[in-house]
Amino acid sequence: MAETKKIAVIAGDGIGPEVVAEAEKIIRRTEEVFGYSFTTEHALFGGIAIDEKGTPLPEETLQVCKSADAVLLGAVGGPKWDNNSKELRPETGLLGIRKELGLFSNLRPAVVFDCLKDASTLKPEVLEGTDLMVVRELTGGIYFGEKFRREGAGGEEAVDTCAYSTAEVERIVHQAFEIAQKRRKKLASVDKANVLETSRLWRETVNRIAPQYPDVELEHVLVDNCAMQLLRRPSSFDVIVTENMFGDILSDEAAMLTGSIGMLSSASMGEGAFGLYEPVHGSAPDIAGQGLANPIATILSVALMYRLTFGYEDAADAIERAVAEVLDEGHRTADIAVDKSKALSTTEMGDLIAAAIR
Ligand code: NAD
(Lines give C-alpha, C1' and ligand atoms only; values in the text may rest on other atoms or scores of the structure.)
Protein backbone atom coordinates (compact mmCIF):
# COMPACT_ATOMS: atom_id res chain seq x y z
CA MET A 1 0.00 0.00 0.00
CA ALA A 2 1.35 3.41 -0.98
CA GLU A 3 1.85 6.16 1.61
CA THR A 4 -1.37 8.16 2.22
CA LYS A 5 -1.23 11.59 0.60
CA LYS A 6 -3.38 14.51 1.64
CA ILE A 7 -5.31 16.58 -0.89
CA ALA A 8 -7.02 19.84 0.14
CA VAL A 9 -10.24 20.12 -1.87
CA ILE A 10 -11.74 23.53 -2.53
CA ALA A 11 -14.94 23.26 -4.55
CA GLY A 12 -15.71 27.01 -4.64
CA ASP A 13 -18.67 28.54 -6.45
CA GLY A 14 -20.93 28.00 -9.47
CA ILE A 15 -19.99 24.80 -11.32
CA GLY A 16 -16.95 24.35 -9.01
CA PRO A 17 -18.67 21.81 -6.69
CA GLU A 18 -20.10 19.88 -9.68
CA VAL A 19 -16.79 19.41 -11.49
CA VAL A 20 -14.82 18.79 -8.29
CA ALA A 21 -17.23 15.99 -7.30
CA GLU A 22 -16.35 14.20 -10.57
CA ALA A 23 -12.63 14.72 -9.99
CA GLU A 24 -13.00 13.15 -6.53
CA LYS A 25 -14.72 10.18 -8.17
CA ILE A 26 -11.59 9.78 -10.30
CA ILE A 27 -9.34 9.99 -7.23
CA ARG A 28 -11.33 7.18 -5.56
CA ARG A 29 -11.19 5.08 -8.72
CA THR A 30 -7.39 5.40 -8.97
CA GLU A 31 -7.14 4.26 -5.34
CA GLU A 32 -9.04 1.08 -6.27
CA VAL A 33 -7.14 0.42 -9.47
CA PHE A 34 -3.59 1.40 -8.48
CA GLY A 35 -3.61 0.96 -4.70
CA TYR A 36 -2.76 4.60 -3.99
CA SER A 37 -4.20 6.17 -0.87
CA PHE A 38 -5.47 9.71 -0.41
CA THR A 39 -7.24 11.63 2.31
CA THR A 40 -9.23 14.61 1.16
CA GLU A 41 -10.10 17.60 3.33
CA HIS A 42 -12.66 20.11 2.11
CA ALA A 43 -12.35 23.85 2.74
CA LEU A 44 -14.31 26.99 1.94
CA PHE A 45 -12.95 29.51 -0.54
CA GLY A 46 -14.29 32.29 -2.76
CA GLY A 47 -17.87 33.52 -2.76
CA ILE A 48 -19.17 30.78 -0.50
CA ALA A 49 -16.46 31.65 2.06
CA ILE A 50 -17.47 35.33 1.88
CA ASP A 51 -21.08 34.31 2.63
CA GLU A 52 -20.23 31.91 5.44
CA LYS A 53 -17.02 33.33 6.94
CA GLY A 54 -16.94 36.98 5.83
CA THR A 55 -13.70 36.60 3.82
CA PRO A 56 -12.81 34.90 0.50
CA LEU A 57 -9.78 33.16 2.03
CA PRO A 58 -10.43 32.10 5.63
CA GLU A 59 -7.43 31.28 7.81
CA GLU A 60 -8.71 27.66 8.30
CA THR A 61 -8.68 27.17 4.53
CA LEU A 62 -5.10 28.34 4.31
CA GLN A 63 -4.12 25.93 7.10
CA VAL A 64 -5.87 23.02 5.34
CA CYS A 65 -3.93 23.86 2.15
CA LYS A 66 -0.61 24.28 3.94
CA SER A 67 -0.96 20.93 5.69
CA ALA A 68 -1.77 19.13 2.41
CA ASP A 69 0.53 17.69 -0.27
CA ALA A 70 -1.55 19.30 -3.03
CA VAL A 71 -4.67 21.42 -3.52
CA LEU A 72 -7.53 20.70 -5.92
CA LEU A 73 -9.59 23.80 -6.71
CA GLY A 74 -12.86 24.09 -8.65
CA ALA A 75 -13.63 27.70 -9.50
CA VAL A 76 -14.65 30.85 -7.67
CA GLY A 77 -16.72 33.93 -8.35
CA GLY A 78 -20.11 34.89 -9.65
CA PRO A 79 -22.45 37.84 -10.16
CA LYS A 80 -23.52 37.79 -6.52
CA TRP A 81 -20.10 39.08 -5.42
CA ASP A 82 -19.14 41.15 -8.49
CA ASN A 83 -19.97 44.48 -6.90
CA ASN A 84 -18.29 43.75 -3.55
CA SER A 85 -15.39 45.88 -2.34
CA LYS A 86 -11.93 44.58 -3.35
CA GLU A 87 -11.22 42.67 -0.12
CA LEU A 88 -14.60 40.95 -0.34
CA ARG A 89 -14.18 39.68 -3.90
CA PRO A 90 -13.50 36.01 -4.71
CA GLU A 91 -10.67 36.98 -7.11
CA THR A 92 -8.82 38.68 -4.26
CA GLY A 93 -8.82 35.28 -2.56
CA LEU A 94 -7.14 33.77 -5.64
CA LEU A 95 -4.26 36.25 -5.54
CA GLY A 96 -4.02 35.73 -1.77
CA ILE A 97 -3.87 31.94 -1.92
CA ARG A 98 -1.13 31.98 -4.59
CA LYS A 99 0.93 34.38 -2.50
CA GLU A 100 0.39 32.54 0.79
CA LEU A 101 1.27 29.18 -0.75
CA GLY A 102 4.35 30.59 -2.51
CA LEU A 103 3.13 29.57 -5.96
CA PHE A 104 5.39 31.26 -8.50
CA SER A 105 4.65 29.42 -11.73
CA ASN A 106 1.54 28.53 -13.66
CA LEU A 107 1.60 25.50 -15.92
CA ARG A 108 -0.96 25.13 -18.65
CA PRO A 109 -0.96 22.12 -20.95
CA ALA A 110 -2.66 22.48 -24.31
CA VAL A 111 -3.38 19.10 -25.85
CA VAL A 112 -5.45 18.66 -28.98
CA PHE A 113 -7.50 15.47 -28.82
CA ASP A 114 -7.74 13.99 -32.31
CA CYS A 115 -11.50 13.52 -32.10
CA LEU A 116 -12.00 17.19 -31.12
CA LYS A 117 -9.80 18.71 -33.83
CA ASP A 118 -12.91 20.07 -35.51
CA ALA A 119 -13.82 22.08 -32.41
CA SER A 120 -10.80 24.35 -32.99
CA THR A 121 -10.82 27.34 -35.33
CA LEU A 122 -7.51 26.15 -36.83
CA LYS A 123 -7.20 23.61 -39.64
CA PRO A 124 -6.96 20.00 -38.40
CA GLU A 125 -3.67 19.43 -40.28
CA VAL A 126 -2.04 22.37 -38.46
CA LEU A 127 -3.18 21.07 -35.07
CA GLU A 128 -2.19 17.44 -35.64
CA GLY A 129 -0.02 16.22 -32.75
CA THR A 130 -0.23 19.43 -30.69
CA ASP A 131 0.75 18.72 -27.08
CA LEU A 132 2.48 21.63 -25.37
CA MET A 133 2.86 23.18 -21.95
CA VAL A 134 3.15 26.89 -21.18
CA VAL A 135 5.13 27.63 -18.01
CA ARG A 136 4.31 31.18 -16.93
CA GLU A 137 6.08 33.16 -14.19
CA LEU A 138 3.30 34.20 -11.83
CA THR A 139 4.54 36.56 -9.16
CA GLY A 140 6.89 39.06 -10.84
CA GLY A 141 7.07 41.40 -13.81
CA ILE A 142 4.87 44.29 -14.80
CA TYR A 143 1.74 43.09 -12.94
CA PHE A 144 3.53 43.41 -9.61
CA GLY A 145 5.96 46.29 -10.29
CA GLU A 146 5.58 49.80 -8.95
CA LYS A 147 2.70 51.69 -10.61
CA PHE A 148 1.79 55.32 -10.32
CA ARG A 149 0.36 58.39 -12.03
CA ARG A 150 2.15 61.72 -12.38
CA GLU A 151 1.82 65.02 -14.14
CA GLY A 152 3.99 65.29 -17.26
CA ALA A 153 4.54 67.84 -19.99
CA GLY A 154 1.82 66.19 -22.10
CA GLY A 155 -0.68 65.92 -19.26
CA GLU A 156 -1.20 63.06 -16.83
CA GLU A 157 1.17 60.09 -17.26
CA ALA A 158 0.73 56.50 -16.04
CA VAL A 159 3.72 54.27 -15.24
CA ASP A 160 3.90 50.48 -14.78
CA THR A 161 7.29 49.05 -13.90
CA CYS A 162 8.53 45.65 -15.04
CA ALA A 163 11.22 44.15 -12.80
CA TYR A 164 12.77 40.68 -12.50
CA SER A 165 15.61 39.47 -10.32
CA THR A 166 18.05 36.77 -11.40
CA ALA A 167 16.75 34.51 -8.60
CA GLU A 168 13.15 34.86 -9.83
CA VAL A 169 14.19 33.89 -13.35
CA GLU A 170 16.42 31.03 -12.21
CA ARG A 171 13.79 29.19 -10.19
CA ILE A 172 11.21 29.10 -12.96
CA VAL A 173 13.74 28.31 -15.67
CA HIS A 174 15.02 25.34 -13.66
CA GLN A 175 11.45 24.16 -13.24
CA ALA A 176 10.79 24.48 -16.98
CA PHE A 177 13.94 22.53 -17.90
CA GLU A 178 12.95 19.78 -15.44
CA ILE A 179 9.45 19.59 -16.95
CA ALA A 180 10.95 19.44 -20.46
CA GLN A 181 13.18 16.56 -19.34
CA LYS A 182 10.04 14.58 -18.43
CA ARG A 183 8.39 15.38 -21.78
CA ARG A 184 9.84 15.62 -25.31
CA LYS A 185 12.96 17.47 -24.11
CA LYS A 186 12.41 20.74 -25.98
CA LEU A 187 12.24 24.14 -24.34
CA ALA A 188 11.31 27.45 -25.97
CA SER A 189 12.23 30.44 -23.83
CA VAL A 190 10.12 33.42 -24.86
CA ASP A 191 11.23 37.00 -24.31
CA LYS A 192 11.57 40.40 -25.99
CA ALA A 193 15.36 40.61 -25.60
CA ASN A 194 15.70 42.92 -28.61
CA VAL A 195 13.92 45.67 -26.63
CA LEU A 196 13.53 44.96 -22.91
CA GLU A 197 16.25 44.92 -20.25
CA THR A 198 14.29 42.40 -18.14
CA SER A 199 14.21 40.14 -21.21
CA ARG A 200 17.99 40.45 -21.64
CA LEU A 201 18.48 39.34 -18.03
CA TRP A 202 15.98 36.53 -18.66
CA ARG A 203 17.88 35.31 -21.74
CA GLU A 204 21.32 35.55 -20.09
CA THR A 205 19.99 33.53 -17.14
CA VAL A 206 18.47 30.87 -19.40
CA ASN A 207 21.76 30.57 -21.33
CA ARG A 208 23.74 30.23 -18.10
CA ILE A 209 21.44 27.47 -16.79
CA ALA A 210 21.07 25.55 -20.08
CA PRO A 211 24.39 23.59 -19.86
CA GLN A 212 23.00 21.87 -16.72
CA TYR A 213 20.35 20.27 -18.96
CA PRO A 214 22.32 19.04 -21.98
CA ASP A 215 19.54 16.61 -22.93
CA VAL A 216 17.07 19.48 -23.49
CA GLU A 217 17.06 21.30 -26.83
CA LEU A 218 16.70 25.05 -26.17
CA GLU A 219 15.44 27.76 -28.51
CA HIS A 220 14.92 31.46 -27.78
CA VAL A 221 11.80 32.91 -29.40
CA LEU A 222 10.76 36.56 -29.39
CA VAL A 223 7.26 36.92 -27.97
CA ASP A 224 5.72 38.42 -31.12
CA ASN A 225 7.18 35.59 -33.20
CA CYS A 226 5.94 33.03 -30.65
CA ALA A 227 2.40 34.39 -30.96
CA MET A 228 2.62 33.73 -34.71
CA GLN A 229 4.33 30.34 -34.48
CA LEU A 230 1.68 29.06 -32.05
CA LEU A 231 -0.84 29.45 -34.85
CA ARG A 232 1.49 28.28 -37.63
CA ARG A 233 3.30 25.28 -36.11
CA PRO A 234 1.77 24.54 -32.67
CA SER A 235 2.87 20.90 -32.75
CA SER A 236 6.54 21.88 -32.90
CA PHE A 237 6.41 23.27 -29.33
CA ASP A 238 6.93 21.12 -26.24
CA VAL A 239 7.54 23.39 -23.21
CA ILE A 240 7.35 27.20 -23.44
CA VAL A 241 8.71 29.22 -20.51
CA THR A 242 8.10 32.93 -20.20
CA GLU A 243 7.54 35.89 -17.90
CA ASN A 244 4.22 36.88 -16.37
CA MET A 245 2.50 39.11 -18.92
CA PHE A 246 3.79 37.27 -22.02
CA GLY A 247 2.67 34.01 -20.37
CA ASP A 248 -0.76 35.40 -19.58
CA ILE A 249 -1.34 36.20 -23.24
CA LEU A 250 0.37 33.17 -24.81
CA SER A 251 -1.31 30.65 -22.48
CA ASP A 252 -4.73 31.95 -23.50
CA GLU A 253 -3.73 31.79 -27.15
CA ALA A 254 -2.45 28.22 -26.70
CA ALA A 255 -5.65 27.31 -24.85
CA MET A 256 -7.74 28.28 -27.82
CA LEU A 257 -5.90 25.78 -30.04
CA THR A 258 -7.83 23.04 -28.26
CA GLY A 259 -11.23 24.55 -28.93
CA SER A 260 -12.95 24.17 -25.58
CA ILE A 261 -12.48 25.84 -22.21
CA GLY A 262 -14.09 22.84 -20.51
CA MET A 263 -11.05 20.67 -21.38
CA LEU A 264 -8.16 22.75 -20.04
CA SER A 265 -6.31 21.92 -16.84
CA SER A 266 -3.66 23.92 -15.01
CA ALA A 267 -1.20 23.75 -12.15
CA SER A 268 0.38 26.45 -10.02
CA MET A 269 3.65 25.36 -8.45
CA GLY A 270 6.00 26.62 -5.77
CA GLU A 271 9.33 25.22 -4.60
CA GLY A 272 9.36 21.44 -4.49
CA ALA A 273 6.46 19.22 -5.45
CA PHE A 274 3.57 21.11 -3.80
CA GLY A 275 1.03 22.39 -6.29
CA LEU A 276 -2.45 23.82 -6.69
CA TYR A 277 -4.43 22.21 -9.51
CA GLU A 278 -7.51 23.69 -11.14
CA PRO A 279 -9.40 23.91 -14.41
CA VAL A 280 -8.65 27.01 -16.47
CA HIS A 281 -12.33 27.90 -16.72
CA GLY A 282 -14.27 29.97 -14.18
CA SER A 283 -17.43 29.24 -12.20
CA ALA A 284 -19.71 29.44 -15.28
CA PRO A 285 -22.71 30.93 -13.43
CA ASP A 286 -24.77 30.67 -16.66
CA ILE A 287 -24.83 26.85 -16.43
CA ALA A 288 -24.29 26.25 -12.69
CA GLY A 289 -26.54 23.74 -10.93
CA GLN A 290 -27.89 22.26 -14.18
CA GLY A 291 -25.56 19.29 -14.61
CA LEU A 292 -24.26 20.77 -17.88
CA ALA A 293 -20.64 21.45 -16.91
CA ASN A 294 -17.85 19.52 -18.59
CA PRO A 295 -15.79 17.92 -15.78
CA ILE A 296 -12.83 16.97 -18.03
CA ALA A 297 -10.69 20.06 -17.25
CA THR A 298 -10.86 19.25 -13.53
CA ILE A 299 -10.32 15.53 -14.11
CA LEU A 300 -7.23 16.30 -16.21
CA SER A 301 -6.05 18.57 -13.39
CA VAL A 302 -5.99 15.45 -11.19
CA ALA A 303 -3.79 13.73 -13.79
CA LEU A 304 -1.46 16.74 -13.69
CA MET A 305 -1.38 16.53 -9.88
CA TYR A 306 -0.50 12.84 -9.97
CA ARG A 307 2.31 13.51 -12.42
CA LEU A 308 3.83 16.69 -10.97
CA THR A 309 3.27 16.39 -7.22
CA PHE A 310 3.09 12.64 -6.57
CA GLY A 311 5.04 11.16 -9.50
CA TYR A 312 2.19 8.66 -10.06
CA GLU A 313 2.80 8.42 -13.81
CA ASP A 314 0.78 5.19 -14.19
CA ALA A 315 -2.38 6.72 -12.74
CA ALA A 316 -1.86 10.01 -14.61
CA ASP A 317 -1.49 8.12 -17.91
CA ALA A 318 -4.57 6.02 -17.10
CA ILE A 319 -6.72 9.12 -16.49
CA GLU A 320 -5.58 10.77 -19.71
CA ARG A 321 -6.14 7.53 -21.65
CA ALA A 322 -9.61 7.16 -20.12
CA VAL A 323 -10.56 10.70 -21.18
CA ALA A 324 -9.31 10.09 -24.72
CA GLU A 325 -11.11 6.74 -24.90
CA VAL A 326 -14.46 8.15 -23.75
CA LEU A 327 -14.17 11.03 -26.25
CA ASP A 328 -13.14 8.63 -29.04
CA GLU A 329 -16.29 6.63 -28.35
CA GLY A 330 -18.22 9.79 -29.16
CA HIS A 331 -19.38 10.78 -25.67
CA ARG A 332 -19.69 14.54 -25.18
CA THR A 333 -20.98 17.07 -22.68
CA ALA A 334 -23.08 19.88 -24.18
CA ASP A 335 -20.17 22.35 -24.60
CA ILE A 336 -18.36 20.02 -27.05
CA ALA A 337 -21.34 18.12 -28.49
CA VAL A 338 -22.42 18.63 -32.08
CA ASP A 339 -25.80 17.04 -31.36
CA LYS A 340 -26.80 18.71 -28.09
CA SER A 341 -29.79 16.39 -27.65
CA LYS A 342 -27.37 13.49 -27.06
CA ALA A 343 -25.15 15.37 -24.61
CA LEU A 344 -24.17 13.74 -21.33
CA SER A 345 -24.57 15.35 -17.93
CA THR A 346 -21.59 16.21 -15.73
CA THR A 347 -22.02 13.07 -13.60
CA GLU A 348 -22.57 10.77 -16.60
CA MET A 349 -19.29 11.98 -18.11
CA GLY A 350 -17.51 11.49 -14.76
CA ASP A 351 -18.91 7.96 -14.41
CA LEU A 352 -17.79 6.93 -17.90
CA ILE A 353 -14.26 8.26 -17.39
CA ALA A 354 -13.99 6.59 -13.97
CA ALA A 355 -15.12 3.27 -15.46
CA ALA A 356 -12.56 3.60 -18.28
CA ILE A 357 -9.64 3.85 -15.82
CA ARG A 358 -7.87 0.51 -15.78
P1 NAD B 1 -16.18 31.08 -17.30
O2 NAD B 1 -14.97 30.29 -17.67
O3 NAD B 1 -16.80 30.79 -16.00
O4 NAD B 1 -17.29 30.86 -18.45
C5 NAD B 1 -17.10 31.26 -19.80
C6 NAD B 1 -18.04 30.44 -20.70
O7 NAD B 1 -17.56 29.10 -20.79
C8 NAD B 1 -19.46 30.35 -20.16
O9 NAD B 1 -20.36 30.37 -21.22
C10 NAD B 1 -19.51 29.00 -19.48
O11 NAD B 1 -20.78 28.41 -19.45
C12 NAD B 1 -18.53 28.18 -20.31
N13 NAD B 1 -17.84 27.18 -19.50
C14 NAD B 1 -16.86 27.40 -18.60
N15 NAD B 1 -16.47 26.26 -18.03
C16 NAD B 1 -17.23 25.28 -18.56
C17 NAD B 1 -17.32 23.88 -18.37
N18 NAD B 1 -16.53 23.22 -17.50
N19 NAD B 1 -18.22 23.19 -19.08
C20 NAD B 1 -19.01 23.80 -19.98
N21 NAD B 1 -18.98 25.12 -20.21
C22 NAD B 1 -18.09 25.86 -19.51
O23 NAD B 1 -15.76 32.61 -17.42
P24 NAD B 1 -16.62 33.91 -17.06
O25 NAD B 1 -18.04 33.73 -17.45
O26 NAD B 1 -15.84 35.03 -17.62
O27 NAD B 1 -16.54 34.04 -15.48
C28 NAD B 1 -17.55 33.57 -14.58
C29 NAD B 1 -17.05 33.77 -13.16
O30 NAD B 1 -15.89 32.95 -12.94
C31 NAD B 1 -16.61 35.19 -12.85
O32 NAD B 1 -17.05 35.52 -11.56
C33 NAD B 1 -15.10 35.12 -12.92
O34 NAD B 1 -14.50 36.09 -12.10
C35 NAD B 1 -14.85 33.74 -12.41
N36 NAD B 1 -13.58 33.13 -12.83
C37 NAD B 1 -12.92 32.37 -11.92
C38 NAD B 1 -11.77 31.72 -12.25
C39 NAD B 1 -11.11 30.85 -11.23
O40 NAD B 1 -11.75 30.43 -10.30
N41 NAD B 1 -9.84 30.53 -11.38
C42 NAD B 1 -11.24 31.83 -13.55
C43 NAD B 1 -11.95 32.61 -14.49
C44 NAD B 1 -13.12 33.26 -14.12
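Treat the numbers as computed from the prediction; the structure is a model and nothing was measured. Position numbers for residues start from 1 in each chain and track the written sequence from start to end. Totals for whole chains, interfaces and linings use every residue, but because this is a predicted model, local features are given only for residues with pLDDT of at least 70 and side-chain atom pairs only at 80 or more, for both listing and counting. Here the side-chain values reflect all heavy atoms present in the structure, with hydrogen atoms and water set aside.

1. Focus on the site of the ligand
Piece 1. Surveying the vicinity of the ligand reveals 20 residues, the closest of which are Glu91, Gly282, Ala284, Asp286 and Asn294.
Piece 2. For the purposes of these results, a polar contact is taken to be a pair of N or O atoms within 3.5 Å, where, inside protein, one atom must be able to donate a hydrogen and its partner to accept one; residues adjacent in sequence count only when each atom of the pair is a side-chain atom. Between Asn294 and the ligand, the recorded distance is 2.9 Å, taken from a backbone N or O atom to a nitrogen atom.
Piece 3. Classes in brief: Ala, Val, Leu, Ile, Met, Phe, Trp, Tyr, Cys and Pro nonpolar; Asp, Glu, Lys and Arg charged; the others, Gly included, polar. The residue makeup of the shell around the ligand, split by class, is 9 nonpolar, 7 polar and 4 charged. Summary of the distance rule: residues count as near a molecule or strand when at least one heavy atom falls within 4 Å of that molecule or strand.

2. Remarks on the UniProt feature "site: Important for catalysis" (unreviewed entry) in the protein
Piece 1. The feature "site: Important for catalysis" (unreviewed entry), as annotated in UniProt, sits at Tyr143 and Lys192 in this numbering. Of the residues annotated just before, the largest pocket has Tyr143 among its lining.
Piece 2. Along the polypeptide, Tyr143 turns up in the loop between strand S5 (131-137) and strand S6 (147-152).
Piece 3. Its place among the elements puts Lys192 in the loop between strand S8 (186-191) and helix H7 (197-209).
Piece 4. Once residues within four sequence positions are removed from consideration, Lys192 is found in contact with Ser199, Leu222, Val223, Asp224 and Phe246. UniProt positions are given in the numbering used here, feature names are shortened, and annotations may be inferred rather than shown by experiment. Using protein atoms alone on a 1 Å grid, points that fit a 1.4 Å probe yet trap it form a cavity, whereas open point sets bounded by protein on both sides within 12 Å along at least five of seven lines form a pocket; residues with an atom within 4 Å of a point count as lining. Only DSSP runs of H or I covering at least 4 residues are called helices, and only runs of E covering at least 2 are called strands; the numbering of each starts at the N terminus. Whether two residues are in contact is decided by their heavy atoms: any pair within 4.5 Å suffices.

3. Some details on unusual backbone geometry
Piece 1. Of note, the phi angle at Lys185 is positive, near 65°, even though the residue is not glycine.
Piece 2. Structurally, Lys185 can be placed in the loop between helix H6 (166-182) and S8.
Piece 3. For Ala284, which is not glycine, the phi torsion reads 40° and is therefore positive.
Piece 4. Mapped onto the elements of the fold, Ala284 is located in the loop between strand S12 (275-279) and helix H10 (296-310).

4. Quick word on the UniProt feature "binding site: substrate" (unreviewed entry) in the protein
Piece 1. UniProt annotation of "binding site: substrate" (unreviewed entry) refers to Arg98, Arg108, Arg136 and Asp224 when read in the numbering used here. For this annotated set, covering 127 residues, the C-alpha atoms extend up to 28.1 Å from each other, a dispersed arrangement in space. For the second largest cavity, the lining residues drawn from the annotated set are Arg108.
Piece 2. Position of Arg108 relative to the elements: it lies in strand S4 (residues 105-111).
Piece 3. With a 1.4 Å probe rolled over the protein chains alone, any residue whose accessible area is under 20% of its type maximum counts as buried; one over 50% counts as exposed, and the rest are partly exposed. The class for Arg108 is buried, based on a relative accessible area of 12%.

5. Quick look at the pairing of strand S1 (residues 4-12)
Piece 1. Of all 9 residues that make up S1, 8 are buried, and the element is covered over most of its length.
Piece 2. The pairing of S1 with strand S2 (residues 37-42) spans 6 bridges and is classified as parallel. Among the inter-strand pairings, Lys5 is bridged to a residue of S2, identified as Phe38.
Piece 3. Every crossover in which the path from the first strand over the helix to the second runs clockwise, viewed with the strands pointing away from the viewer, is termed right-handed. For the crossover from S1 across helix H1 (residues 16-34) to S2, the handedness is right-handed.
Piece 4. The criterion for strand pairing is that DSSP finds at least two bridges linking the strands in question. Bridge analysis of S1 against strand S3 (residues 70-75) gives 5 bridges, and the strand direction is parallel. Looking across to S3, one finds that Gly12 is bridged to Ala75.

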